[in-house]
Amino acid sequence: MILVLDPSLNDLSQNEICLKLQKKGFFTRLVNQSGHLIIAVDGPDEESCEREIRTWHGVVEIISGRNSFYLASRRCQRRNTVITDASGRKTFGGDQIVAIAGPCAIETEESALVLAQKLKESGARVFRSMIFKPRSSPYSFQGLGRAGIPIIREIKRQTGMLILTEVRDPLEAELVQDDVDFVQVGTRNMSNYQLLKHLGQIKKPVLLKRGMGASIEELLCAAEYILAHGNPDVILCERGIRTFEHYTRFSLDLGAVPSLKELSHLPVVVDPSHATGKSSLVEPLALAALAVGADGIMLEVHEEPDSAFSDGTQSVRPEVFKNIVEKGRRIAQAICRSM
Ligand code: PEP
Ligand code: MN
């Protein structure tokens, strides 16, 4: 259970509430983030005391249940979170929809630079710059690793694009954090709580992908880890979930977009590439994602999908990406946004 406290309560009153809870045999943890005061309460039969606790001075709200989150919720913050870049320009969560594009993984400096320049000209603001790849098979291409860091720097220097890269553990986050604009947590790490806690302490926005078997509330709880540990800049990403359907690699849950928007103030991005595993399905689902209110789309793009080191079957060519952005701009206009 979570107790939301009046943020103007002084330290003494906060401690008093904690002590009263501890006397009842509960374990308590005080979280003070972004002007919000919360006490996490655990113990046997918490709910039986809910009625009484509700009457205590300074307790504003009680949130009970297994998947409890507050900082990520609309209840906590009515207005949308807007993520800004290092120079203060709005990115995800504003009126303008952001396109993220790039290869599944950076393969060579030259190919990445040529592609980044093309994608920028076609309307991508963020370049997928993946060097640490979480692959299902240990024998698949694992990314360039540390050797890719100077390439990322060069892409940023030459194109001025915003850089997104995935990290799989705190060490990788430390290695890249000065050179990137966004760090990604992939589907396989959505429940890597040590990583989430670590990313709560860095100064870069985190794009958090939904676990392939995770519910909407579990995704929001994962986001809450990052928020509760001090980083308010989280972007949620729907990338498909496992269902009985096997025609597509995963099932893209477009209903998750308005659902997340209803439950949370955090921006939402959709990745139709990993969701479908099929390049032919990327365009219709990218456009549909815009229509249901996504703040961004993330697409895998490769000059020669057939010879990509990874995920070639779902990668679209740069000309297809350009076409998607052109159509996307018309959809954005129809829903009073831009792209
Ligand atoms: C990716 O975006 O590079 C990726 C591996 O995606 P996911 O974690 O959704 O499979
Ligand atoms: Mn991929």
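Cut-offs applied
Residues numbered from 1 in each chain as written. Chains lettered and ligands numbered in written order. Predicted model: local features only at pLDDT ≥ 70, side-chain atom pairs only at ≥ 80, totals over all residues. Heavy atoms only, no water. 1 Å grid on protein atoms, 1.4 Å probe; cavity = no way out; pocket = protein on both sides within 12 Å on 5 of 7 lines; lining within 4 Å. Points joined across faces, edges and corners; volume = space filled by probe spheres on them. Helix = DSSP H or I, 4+ residues; strand = E, 2+ residues; numbered from the N terminus. Nonpolar A, V, L, I, M, F, W, Y, C, P; charged D, E, K, R; others polar. Pairing = 2+ DSSP bridges. Axes fitted to C-alpha atoms, helices over the stretch in contact; angles between N-to-C directions. Contact = heavy atoms within 4.5 Å.

> Would you take a moment to explain the layout of surface pockets for this structure?
Empty space among the atoms becomes apparent when a probe as large as a water molecule is rolled across them. Space inside the largest pocket adds up to approximately 630 Å³. In this structure, the largest pocket is lined by 26 residues; those nearest its centre are R29, A40, S68, E224 and Y225. Only strand 2 (27–33), strand 3 (36–42), helix 6 (193–199) and helix 7 (216–228) provide two or more residues apiece to the lining of the largest pocket. Among the elements that take part in the lining of the largest pocket, helix 7 stands out by supplying six residues, more than any other. Of the residues assigned to the lining of the largest pocket, the class counts are 15 nonpolar, five polar and six charged.

> For this particular structure, what's the right way to read the sheet that holds strand 8 (residues 182–185)?
For sheets, the rule is that strands pair by backbone hydrogen bonds, running either parallel or antiparallel. In spatial order, the strands read 5-6-7-8-9-10-11-12; together these eight strands close into a barrel with parallel pairing. Going from strand to strand, the sheet's axes swing by 25 degrees on average, the running direction of each strand aside. In terms of strand pairing, strand 9 (residues 206–209) meets strand 10 (residues 234–238) through four bridges, oriented parallel. In the sheet register, V206 faces strand 10, and the bridge partner there is V234. Running at roughly 165 degrees to strand 12 (residues 296–300), helix 10 (residues 282–291) makes contact with strand 11 (268–270) and strand 12 of the sheet.

None of the figures reported here should be taken as evidence of function without further support.
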